[in-house]
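Observations on the three-dimensional arrangement
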Amino acid sequence: MDEDSPPKRPLRPGVRKTKYWSQLIKDTLMETEVSHIIHGRLDPHQIFESQDEIKEFYSGHDIHPSRIIDNENFARWVIGEALEGYQPDSSFQVTGNIMQGKSVTMSKESILKEISDAIQADGQQDIDAEGLNGFKEADSDIVQDVSAATESIIAASPNSLGPPIEPCASYLRMEKCGTFGRNNLTVWKSPFFPHLDGQEGRKGFLDNQITAIVWIMANFLGELPWLKPKFPEFWNKETRTYEFPGETKEARKDRKRLHRPRYFGAILADSMGMGKTFTTIACLDIMASHHLNVVKVDERNFKHCPMLVLAPNLIVASQWVEEIEQVTNVRSIKKIILSGDGARATETQRRTRVLTAKEFREWPPDLNYVWDEDDPAASRVIIVMSIDTWGSRTCTNQVLDENGQIKEGDWRSSFTELGRRFSIVVVDEAYKIRHTTTRCWKSVALLERQFTLLITATPCMNLLTDLLGPVRLLWPKAEKYLQENASRWDRMDKRFEEPEDLEALDDMEPHDDHQLIAGRPGIMAKLVNKYKAQNVVDIQETRMHLKYFERLAILRRAPSSNLHWDWKGSKLVCLDGLLPNVYNFTVNIQLDRALEEAYQGAHIDLLINYMGVLKKIGKQRVKSQKKKSKEVDQKLHFITTLYHKFQLAAASMDIFRLEKLFSLNGFGINAEHVQCMRNTNVNFLRLAPFLLEPHDTKPKTALDHVRLAIRKSPVLRYILQHVKEYVLDRKPGETIRKLLIIESRPVLAYYYELVLQFLLINCRTLHAGLSGERRRELIASFNDSDDHSCQILIQMYAVGFAGSNLHKNCARVLVATQAHSFPVQMQAVHRVIRVGQTKDVEVYRLKVNNSYHQFRESQQVEKILPELGTRAQGSMVDVLVQLLNLFQFEIDEAANSPEAKELMDTMNLLVNQGEVVGNDDGNSNQQEEEAEEDGWSEEDDDDDEEEEPPEKRVRRENDPLSETGKHDEGSLEPEADESDSHDDDLTTLRNEGTAYLFGGDYDQFLRLKPRTAYYKEFRGFPSEVRSHFSHQKNNLRRLLSYSSPDGSATTRVWTAKDLNKSAVLERAMELTLRVRLGANNIEMLPSPQIHFTFVPERKLQILTKLLGQAKYTAQDIDELIQKNKEARARKGDSKGELRAIHEHMTLEEIDESFQNDITKGDTKQSRKRKRQEAEEPATAANDEAPDGGQDNEVEDDGRFWDDSDNEVWNPNEDEDEEEDEDGGIEGDGEEVPEE
């Protein structure tokens, strides 16, 4: 078009509120829900009327949903054609291998392999730190709970490895039947399980599993009985009895040495994916088949009670049922009872009976034998339920008062009241019973039971106090057993009063019943009471006293563990090899220029609002601390919202634009809106019109649609590239290839799903809207190898991981969005890294260059570094030192670069002049382009349109931006004379540099210090320095601080002693994360800043001013939120039993308090009583509480954010306002707004 010709009339409006868009949304996305929701790939025959139309739309390709190969050929062609227009400007650089691109010797290759394996094994602790209810992004996006150092202590403990392999194999009559894994670990078979022989795809037993079975039985029973196998060869037809051969002397000796203290319980804490469920079921089978789960009344009388398995949810409960059916013998387990909303049994599960809620409550007459303790069949029944359903059906504290009104009373169990008892209670994912004030915990504590087994990979989830829930559940039977010998109990009671007294156990035999005292809750309470509501513990003191409980109660092994083969320790068997090799890569995505301009325009607007909110935090000119904290919470909520917007813009500018368009016109992109679109069978053809800009023509072919889909979506570009090169590149006769994609935002997952389905690929999302049955079907489909099964699965962080084992046919993972929590991200990836995975796993983490992703990565790393530091012990010290020395070449190369030489000469940390290219015309800003909407008009858009009633107005939820998507620049817009003065000051500042801040001292400039010290230093710089600070130069400066201390060119050599320096340990830990992520670098950023090259100069001046005015960083925000969380922990302590505990109480007083706490619970009245009981002795001992002795109780409904309307930051407001006297950040965390 000629430049002088009038602009073409737009075909549609831009991003604004208009009837055009609102009507299109209503007609296209919000139709009445359809009767049948379509899943999987798009079927063009349901859209087009004729085959000719289909062929024209698909550019002559002959496609059909049932012809998989033809569909894959078309998808491969169209992806290649669509991506061709963005190459080479848009590129993907993949990094991953250690020392990538460097020449290494054979000896170094061996070292690198050892280091990589050691880091992968150490990383298993992050995967085990699992909250199976999923990652709640809205509540956790700014700060994750700091994983307690105690969890790392337990993970590194040598006290929890269990007995040797050979004696356990002998006790269970095990024989070798094969090998497993990349290191050929032994597979065992036992005559007790004749159908588990490890042959033809059948399961067998691994070393860690057979040792766990024996260890659990010994913890239950103390001295192990001689197992009498009822083999056919031992059957005497004449006497019709079994005649067993005598026990050999060697076997008896081994059995006696396997003897343990009779604890009646255990915690099985093996790492995720090591077969804890299989191990437990085999143990239950042996206990039932040998009548070991019965209560002996006398020599001739026994009590028979059923077993109970409580799972974290119904999906996992159903998996338990399936595995019980497969593993156990019919003679051992005769009936399996499953109950829960939506529970069902398959046709092959013939022993399984499903009970409805009504049947469970009234109990079917034909199952009454389950509660007949004189009927031996009762002890061969397993009841399986989710623990939440169990708690809600059997445990309550509601009673009726004299007026018939419901009130809170004592907690009680309906099963205990009916006299129903259990032989064994198993709690899977026992993190759900770590808090003793919850219904789940009480529903187990109130049960009459003989044995208790807790299964969890994380005995301590967040705090050392998390151990108290399990400790209290395991103690009652052990206490009763010890009290049977009154004189022994009296001696133990007097001898062991403090945690320090447990050291006497070192001089006693491992099987001595005195060892049981380490599990006494009163002693554990004294150990953890000093750490309640804190995230920091004394590692050495905790290690010294916690080891006795570990040795008694916890069995914990990881793939890096070494088990002893025999009692002599003649051979170590490393479990490395149970899990597959894992190769991690980072894909660095480079944007093309057009997309880079659009993205920077969005990012700077978001960053201006972000810095504006940071500036406002602490400026609360209100007298009420309560109101002040509430306003701070609202601003923190703004920051969470802005983080989400940053994330959307980095992944897809189209989705970022779509969010504004939908919000302005009565819709949105939150989970409920996405679910609405799912319910109306929205496909990409129906979504595409909303991606069109005012002058875009409608796409006509499938290729046009794919080009539109990826136009401003860089992450999707790589996903399609990967799909083309891996998923669609299968050879003739090869089974279908699977891909797992990990995503955080529901709308992004849905967008990727629609595009992949449009490409005729069976893609589904594992999202929260799926019912339990649908979820099971989807997981089964993804694990299937059939051509028509789900080929690409998108896993949401927010969906619980329990039951999502996805390893059967998938060994490739794309992390499309990084989680804020590194452990959560690794847990999602490990859905395919399980025992039984037969292929090497490759993980690709996607990262857009010069985007919010760098900040996200920086934050993610900083959250995990404190915990990683606690693991720098034992063999990991050598690994860390080797890493430091291997990667020292980075330091040397950086020191020899021109940028480093200039930095060392000038010590100038300011942005270089001319580094930023400003665009005063503003054409690069997409938001301003769309706001103009030149020439658009329609009769329906009347400026005098009647305003909707308030209840029908749609407000853009939690949006700190104004309705048009632009900030109010107000007084921050520089005036002419002010701008000239600003330029003069800037020139002077750049000439002087920042050397004066360090006194011109190179030693001070390059002083070794951790990230936190750099952030503190940045906050203390003058505002003019913060305004023009170069974080790129600061990252280079940090790198140079690790060079030779004398300034010479000699390569620095690190030793184990250097790890005592925080900065050195921090770099070593960062290097381990880089190996695990496949990253070539990890930046250090105090805010979501990027390098701007295509933004208007006036926007840069606004941002520059805010950067100088805002005194706080993202790290300060994290600290503030953590203070609020700790304040809530003090006021709404979920470990309510500790409120009444103080250091001057005797063990008997603590025991009594704990016993009362089981039924009295944590009601409003009981909390008041506990405070009154605790305040008297605490005051008498002059022992002030952390908050000065005042406990202003608030009711915590579980929400972190206040739901009231949120204010929008206005840069005009309170420009000259002074800060509060109490310093804002430092004081804001002391009080929590009352709900």
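See above for the structure.
What comes next concerns the included structure. (Residues numbered from 1 in each chain as written. Predicted model: local features only at pLDDT ≥ 70, side-chain atom pairs only at ≥ 80, totals over all residues. Heavy atoms only, no water.)

When its secondary structure is counted, the chain shows 46 helices and 25 strands. In the chain, buried positions account for 58% of the 1235 residues. (Helix = DSSP H or I, 4+ residues; strand = E, 2+ residues; numbered from the N terminus. Buried < 20%, exposed > 50% of the residue type's maximum accessible area, 1.4 Å probe, protein only.)

Let us look at the packing of helix H3 (residues 68-84) against helix H27 (residues 714-727). Contact pair H3 / H27: the axes reach a minimum separation of 10 Å and the direction vectors enclose 140°. It follows from the interaxial angle that H3 and H27 lie oblique. The two elements H3 and H27 meet at a crossing, and its hand is left-handed. Every residue of H27 that contacts H3 at Arg76, Ile79, Gly80 and Leu83 is listed here: Arg717, Leu720, Gln721, Val723 and Lys724. (Axes fitted to C-alpha atoms, helices over the stretch in contact; angles between N-to-C directions. Parallel < 35°, antiparallel > 145°, perpendicular 65-115°, else oblique. Left-handed = near helix turned anticlockwise from the far one by under 90°. Contact = heavy atoms within 4.5 Å.)

Trans is the common state for peptide bonds, and a negative phi is the common state for residues other than glycine. A positive phi is found at Trp363, a non-glycine position, where the angle reads about 65°. As for its position among the elements, Trp363 is in the loop between helix H13 (357-362) and strand E12 (381-386). Its relative accessible area of 6% is what places Trp363 among the buried residues.

Here we have 8 strands laid out as an open sheet, ordered E11-E10-E12-E9-E15-E16-E6-E17, and parallel in their pairing. Each having just a single partner strand, strand E11 (352-355) and strand E17 (554-555) make up the two edges of the open sheet. Two elements, strand E6 (residues 265-268) and E17, share 2 bridges in a ladder whose sense is parallel. Across the sheet, the residue bridging to Ile267 is Ile554, located in E17. Against the sheet, helix H12 (residues 314-327) engages strand E9 (307-311), strand E10 (335-339), E11, E12, strand E15 (422-428) and strand E16 (449-455), with an angle of about 155° to E12. (Pairing = 2+ DSSP bridges.)

On to the packing of aromatic side chains. Following the criterion strictly, the structure yields 42 aromatic pairs and no others. Here the aromatic rings of Tyr643 and Phe855 are separated by 5.7 Å at their centres, their planes lie at 45°, and the arrangement is tilted. Here Phe855 lies in helix H31 (residues 852-869) and Tyr643 lies in helix H22 (residues 625-651), a separation of 212 residues in the sequence. Of the two residues, Tyr643 and Phe855, neither departs from the other in class, the shared state being buried. Each member of the aromatic cluster is reached from another via a ring pair, and the members are Phe48, Phe57, Tyr58, Phe74, Trp77, Phe684, Tyr751, Tyr752 and Phe758. A cation over an aromatic ring shows up here: Lys477 above the ring of Phe264, its NZ or CZ 5.8 Å from the ring centre. (Phe/Tyr/Trp six-rings, centres within 6.5 Å; stacked < 30°, edge-to-face > 60°. Lys NZ or Arg CZ within 6 Å of the ring centre and 35° of its normal.)

With that out of the way, let us pick up helix H18 (residues 486-495). Taken residue by residue, H18 has Arg488, Trp489, Met492 and Asp493 as its buried positions. The buried residues of H18 occupy one face: seen down the axis, they fall within an arc of 135°. Facing away from the buried side of H18 by more than 90 degrees, the exposed set consists of Arg491 and Lys494. Among the structural elements, helix H17 (468-483) and helix H44 (1147-1160) are those in contact with the buried residues of H18. (Arc of directions from axis to C-beta.)

Attention now goes to the packing of H17 against H18. At a minimum axis distance of 7 Å, the contact between H17 and H18 shows a crossing angle of 115°. Taken together, the residues of H18 that come into contact with H17 (itself represented by Trp475, Glu479, Tyr481, Leu482 and Gln483) are Ala486, Arg488, Trp489 and Met492. Within the contact of H17 with H18, the residues separate by chemical class into 6 nonpolar, 1 polar and 2 charged. (Nonpolar A, V, L, I, M, F, W, Y, C, P; charged D, E, K, R; others polar.)

The strand order E1-E20-E25-E24-E21-E23-E22 describes an open sheet built from 7 strands, whose pairing is mixed. Across the chains shown, the open sheet's two edge strands, defined by having one partner strand only, are strand E1 (91-95) and strand E22 (763-766). Sheet twist, expressed as the average angle between the axes of neighbouring strands with direction ignored, equals 20°.

Attention now moves to a negative patch on the surface. Taken together, the side chains of Glu49, Asp52, Glu53 and Glu56 present a region of like negative charge at the surface. The topology assignment puts Asp52 in helix H2 (residues 51-57). For Asp52, a relative accessible area of 62% gives the class exposed. (Patch = residues over 30% accessible without salt bridge, like charges linked within 9 Å, V, L, I, M, F, W, Y side chains within 5 Å. Areas by Shrake-Rupley, 256 points an atom, 1.4 Å probe, with all protein chains shown as cover. Salt bridge = Lys/Arg side-chain N within 4 Å of Asp/Glu carboxyl O. Lys, Arg positive; Asp, Glu negative; His and termini not counted. Charge placed at Lys NZ, Arg CZ, Asp CG, Glu CD.)

Moving on to the side chain of Lys1099. With respect to the secondary-structure elements, Lys1099 resides in helix H42 (residues 1097-1109). Looking at Lys1099, its side chain comes within polar contact range of the side chain of Asp605, at 3.1 Å. (Polar contact = N/O pair within 3.5 Å; in protein donor to acceptor, adjacent residues only side chain to side chain.)

Before going further, it helps to spend a moment on the environment of Leu591. Checked against the element boundaries, Leu591 lands in the loop between strand E20 (582-590) and helix H21 (593-616). Given a relative accessible area of 5%, Leu591 falls into the buried group. It is 8.9 Å that separates the C-alpha atoms of Leu591 and Tyr86, two residues lying 505 residues apart in sequence.

This brings us to the nonpolar core. Counting 142 residues, the largest nonpolar core has Tyr610, Ile719, Val723, Tyr751 and Tyr752 as its most contacted members. When neighbours within four sequence positions are excluded, Ile719 is seen to be in contact with Ile741, Tyr752, Leu814, Ala816 and Leu846. Judged by nonpolar contacts, the second largest core, of 136 residues, contains Phe220, Val327, Leu505 and Met508. (Core = buried A, V, L, I, M, F, W, Y, C linked by side-chain atoms within 4.5 Å.)

Our focus in this paragraph is the pairing of E10. Burial within E10 is extensive, with 4 of its 5 residues counted as buried. Pairing analysis gives 4 bridges linking E10 to E12, with the strands arranged parallel. Directly across from Ile336, in E12, lies its bridge partner Ile382. Bridging between E10 and E11 involves 4 bridges; their strand directions are parallel. Residue pairing for E11: Ser339 is matched across the bridge by Leu355.

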